[in-house]
Amino acid sequence: MAQEAPGKIAHELRRGELARTGDLPFGRYFGTTDATALWLVLLRDHAAATGSRALLRELAAPMRRALAWMQGARSPDGFLREPASRSGQGLWNTSWKDSDDSIHDGQGRLASGAVAVVEIQGYVAAALDACADMESWLGADGAPLALEAAALRESIDGRFWDEAMGLHAVALAEDGRRLDAATSNPGHLLWAGALSPDRAARVARRMMRPDLWSGWGLRTLSTRSPRYQPLSYHNGSVWPHDTGLFAAGLARYGLPEAATARRALLDMAAVQPALQLPELLSGYARGGPVPPPAYLEPCRPQAWAAALVWAALG
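Residues numbered from 1 in each chain as written. Predicted model: local features only at pLDDT ≥ 70, side-chain atom pairs only at ≥ 80, totals over all residues. Heavy atoms only, no water.

Chemist: Give a description of the overall build of the protein chain that names residues and reports values.
Modeler: The helix and strand inventory of the protein chain stands at eleven helices and seven strands. Dimensions along the principal axes, computed over C-alpha positions, put the protein chain at roughly 55 × 50 × 45 Å. Expressed as a percentage of the 314 residues in the protein chain, the buried residues total 53%. Here the analysis covers contacts within the protein chain between residues at least 6 apart in sequence; of these, 65% occur between residues at least 24 apart. (Helix = DSSP H or I, 4+ residues; strand = E, 2+ residues; numbered from the N terminus. Buried < 20%, exposed > 50% of the residue type's maximum accessible area, 1.4 Å probe, protein only. Contact = heavy atoms within 4.5 Å.)

Chemist: Account for the pattern of salt bridges, with residues named and values stated.
Modeler: One pass over the structure, following the stated rule, counts 14 salt bridges. Two residues, Arg44 and Asp45, come together in a salt bridge whose shortest N-O distance is 2.8 Å. Residue classification places Arg44 among the buried residues on the basis of a relative accessible area of 15%. The class for Asp45 is partly exposed, based on a relative accessible area of 35%. For Asp157, the salt bridge goes to Arg199, with nearest N and O atoms at 3.0 Å. Here Asp157, found in helix α6 (residues 143–160), pairs with Arg199, found in helix α8 (residues 197–207); they are 42 residues apart in sequence, far enough to count as distant. Members of the salt-bridge network, linked through shared partners, are Arg44, Asp45 and Asp133. (Salt bridge = Lys/Arg side-chain N within 4 Å of Asp/Glu carboxyl O.)

Chemist: Let's hear about the environment of Leu110: which residues, and what values?
Modeler: Considering the arrangement of structural elements, one finds Leu110 in the loop between α4 (60–73) and β3 (116–117). The sequence separation of Leu110 and Gly244 amounts to 134 residues, and the corresponding C-alpha distance is 27 Å. Ignoring any residue separated from it by four or fewer positions in sequence, one finds Leu110 in contact with Asp100, Asp101, Ile103, His104 and Arg227.

Chemist: Any chance you could break down the sheet that holds strand β6 (residues 171–172) for me, citing the residues and the numbers?
Modeler: Strand pairing within a sheet occurs via backbone hydrogen bonds; the two strands may be parallel or antiparallel. Strand order in the open sheet formed by three strands is β3-β6-β7, with antiparallel pairing between adjacent strands. Both edges of this open sheet fall to β3 and β7 (178–179), since each of them pairs with a single strand only. (Pairing = 2+ DSSP bridges.)

Chemist: Provide a residue-level description of the nonpolar core, including the pertinent values.
Modeler: Counting residues in each nonpolar core, the largest one holds 81 residues, and the members touching the most others are Met70 and Leu250. Counting residues per element, this core draws most heavily on helix α5 (residues 118–137), which supplies twelve residues. Residue contacts for Met70: discarding those within four places in its chain leaves Ala37, Leu40, Leu80, Val124, Ala127 and Leu128. (Core = buried A, V, L, I, M, F, W, Y, C linked by side-chain atoms within 4.5 Å.)

Chemist: Requested: an account of the environment of Leu55, with residues and values cited.
Modeler: Within the secondary structure layout, Leu55 lies in helix α3 (residues 54–58). Separated by 70 residues in the primary sequence, Leu55 and Ala125 place their C-alpha atoms 23 Å from one another. With near-sequence residues (within four places) excluded, Leu55 lies in contact with Leu43 and His46.

Chemist: Explain the packing of α4 against α5 residue by residue, including any values.
Modeler: Across the interface, α4 lies against α5 with an axial gap of 11 Å and an inter-helix angle of 145 degrees. As α4 runs across α5, the sense of the crossing is left-handed. Residue-level contacts link Met63, Arg64, Leu67, Met70 and Gln71 of α4 to Val124, Ala127, Leu128, Cys131, Met134 and Glu135 of α5. Among the residues forming the contact of α4 with α5, the class breakdown is eight nonpolar, one polar and two charged. (Axes fitted to C-alpha atoms, helices over the stretch in contact; angles between N-to-C directions. Left-handed = near helix turned anticlockwise from the far one by under 90°. Nonpolar A, V, L, I, M, F, W, Y, C, P; charged D, E, K, R; others polar.)

Chemist: Just give me the short version of a nonpolar patch on the surface, but keep the residues and values in it.
Modeler: On the surface, Leu266, Trp310 and Leu313 cluster together into a nonpolar patch covering about 320 Å² of accessible area. Among the secondary structure elements, Leu313 is positioned in helix α11 (residues 303–313). (Patch = residues over 30% accessible without salt bridge, like charges linked within 9 Å, V, L, I, M, F, W, Y side chains within 5 Å. Areas by Shrake-Rupley, 256 points an atom, 1.4 Å probe, with all protein chains shown as cover.)

Chemist: Summarise unusual backbone geometry; cite the residues concerned and give the values.
Modeler: In this model, Arg300 is joined to Pro301 through a cis peptide bond whose omega is -5 degrees. Assignment of secondary structure puts Pro301 in the loop between α10 (257–270) and α11. Although it is not a glycine, Ala274 sits at a positive phi angle of roughly 60 degrees. Take Ala274: its relative accessible area is 66%, and that puts it in the exposed class. Non-glycine residue Leu275 carries a positive phi angle of around 60 degrees.

Chemist: Which residues make up the side chain of Arg219, and what values do they have?
Modeler: Turning to its location among the elements, Arg219 is positioned in the loop between α8 and α9 (240–252). Among buried charged residues, Arg219 stands out as having no salt bridge; its nearest opposite-charge side chain is Asp211, 6.7 Å away. In this structure the side chain of Arg219 is engaged in a polar contact, spanning 2.7 Å, whose partner is the backbone oxygen of Pro210. Looking at Arg219, its side chain comes within polar contact range of the main-chain oxygen of Gly283, at 2.7 Å. (Lys, Arg positive; Asp, Glu negative; His and termini not counted. Polar contact = N/O pair within 3.5 Å; in protein donor to acceptor, adjacent residues only side chain to side chain.)

Chemist: Could you give an account of the environment of Gly176, naming the residues involved and the relevant values?
Modeler: Within the fold, Gly176 resides in the loop between β6 and β7. You can call Gly176 partly exposed: its relative accessible area is 25%. Sequence separation between Gly176 and Gly90 is 86 residues, and the spatial gap between their C-alpha atoms is 25 Å.

Geometric values such as these leave the question of function open.
Structural data, given as structure tokens:
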């Protein structure tokens, strides 16, 4: 299937008529740049939470194949890049913001070529740390992976930070240029533990400004961007899971903004039908309609929206 590779974790598995006819991205589809790193973090977290190494021992070989894919897919600059171009009938962008128009610069110019999306690099650093832990639990030497993770964290902050924005760029273009759109993506770096405490505090303060913080949660894109549209899929809407990862990251760093983000998630859920958080909401500022208008035909309920409420509260 498109973009399938040994060790790479699939984007999704669907069954039904479109899957049987081979219409991508239905069926078994591998068009994702971040799922492998996230799977590695999940496997480590399962072992840590349960105190059991049984599943880890069972999946040790797949874990190492996933790590090998992730390391092998990184470009010479150390970043894991997505193509930002359509692969067959698949998705254009293969980060979590997988709509065609989600990755662009501050002037609204769409990305092209192989781009390094900022939160994916944080996921990779977290996955390297996770693999270092898992290798040590399996009796191997995890220290080289921990050093690799530390070097990547330093590179993320050095290459993506944009002092004029006071925030990390959403991505690096193929030529290394920063795509300087102010987005919610850097919030995931806090969840991944990819920033120093001082930098994390600066990111938190910047993301709580009214152009990104709607009062219900983080907008995917600043209201100052020429591409901002509060009812878009990834250019100004509010995704509960996106805000939840930010909230969990704020808590990880012990930042005071965590209380505000957690409260917003609970308030967002409280005004939804049957208390079910949808996939995404509009990016209109709080103080308008209650509940805020939802995106047209969102998934409701959405598993990762519900799960991130609990993760943020934990």
